[in-house]
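Reading the structure
Okay, here's what each chain looks like letter by letter:
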Amino acid sequence: MELAKITSKGQITIPISIRRALKLKDGDKVAFIEQNGQYVLTNPTMLAIQQLQDAFDGFAEENGLETEEDVVALVKEMHAERK
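Residues numbered from 1 in each chain as written. Predicted model: local features only at pLDDT ≥ 70, side-chain atom pairs only at ≥ 80, totals over all residues. Heavy atoms only, no water.

Another point: the packing of aromatic side chains. Under the definition given, this model contains one aromatic pair. Ring plane angle 85° and centroid distance 5.8 Å describe the contact between Phe 56 and Phe 59, whose orientation is recorded as edge-to-face. By relative accessible area, which is 32% here, Phe 59 ends up partly exposed. (Phe/Tyr/Trp six-rings, centres within 6.5 Å; stacked < 30°, edge-to-face > 60°. Buried < 20%, exposed > 50% of the residue type's maximum accessible area, 1.4 Å probe, protein only.)

For Lys 23, which is not glycine, the phi torsion reads 55° and is therefore positive. By the element assignment, Lys 23 lies in the loop between α1 (16–21) and β1 (31–35). Positioned with a positive phi, Asn 36 is a non-glycine residue whose angle comes to about 55°. Checked against the element boundaries, Asn 36 lands in the loop between β1 and β2 (38–42). Take Asn 36: its relative accessible area is 80%, and that puts it in the exposed class. (Helix = DSSP H or I, 4+ residues; strand = E, 2+ residues; numbered from the N terminus.)

Time to look at a negative patch on the surface. Taken together, the side chains of Asp 54, Asp 57, Glu 61 and Glu 62 make up a negatively charged region of the molecular surface. Along the polypeptide, Glu 62 turns up in helix α3 (residues 59–62). Taking the relative accessible area as the measure of exposure, Glu 62 reaches 66% and is therefore exposed. (Patch = residues over 30% accessible without salt bridge, like charges linked within 9 Å, V, L, I, M, F, W, Y side chains within 5 Å. Areas by Shrake-Rupley, 256 points an atom, 1.4 Å probe, with all protein chains shown as cover. Salt bridge = Lys/Arg side-chain N within 4 Å of Asp/Glu carboxyl O. Lys, Arg positive; Asp, Glu negative; His and termini not counted. Charge placed at Lys NZ, Arg CZ, Asp CG, Glu CD.)

As paired strands, β1 and β2 are joined by five bridges and run antiparallel to one another. Directly across from Gln 35, in β2, lies its bridge partner Gln 38. The hairpin turn running from β1 into β2, its antiparallel successor, is two residues long, and Asn 36 in that turn takes a positive phi close to 55°. (Pairing = 2+ DSSP bridges.)

Glancing now at the pattern of salt bridges. Counted under the stated rule, the structure contains one salt bridge. Here Asp 28 ties to Lys 25 by a salt bridge, and the two come within 3.5 Å at their closest N and O atoms. Taking relative accessible area as the criterion, Asp 28 reaches 33% and is therefore assigned partly exposed. Given the relative accessible area of 62%, Lys 25 is considered exposed.

Interpretation note: all reported values are geometric properties and have no functional meaning in isolation.
Below, the structure written as structure tokens:
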């Protein structure tokens, strides 16, 4: 468990071990997510990637994509349709 002290301005310093675990660097933003009455601190970039992965879960199987070439062909087809 790591602790952080809140300043009079509501600021905290995230401990280095947490910053490393979340791959946070100077200037990055963090997200606070409520889960069952508790708040979880996370890297919003990693969260967005996970949400995209979840959204596409099963897409390949549903659309008959078995190889990288199948994916490339689908992307080219979708790109051609947008022109």
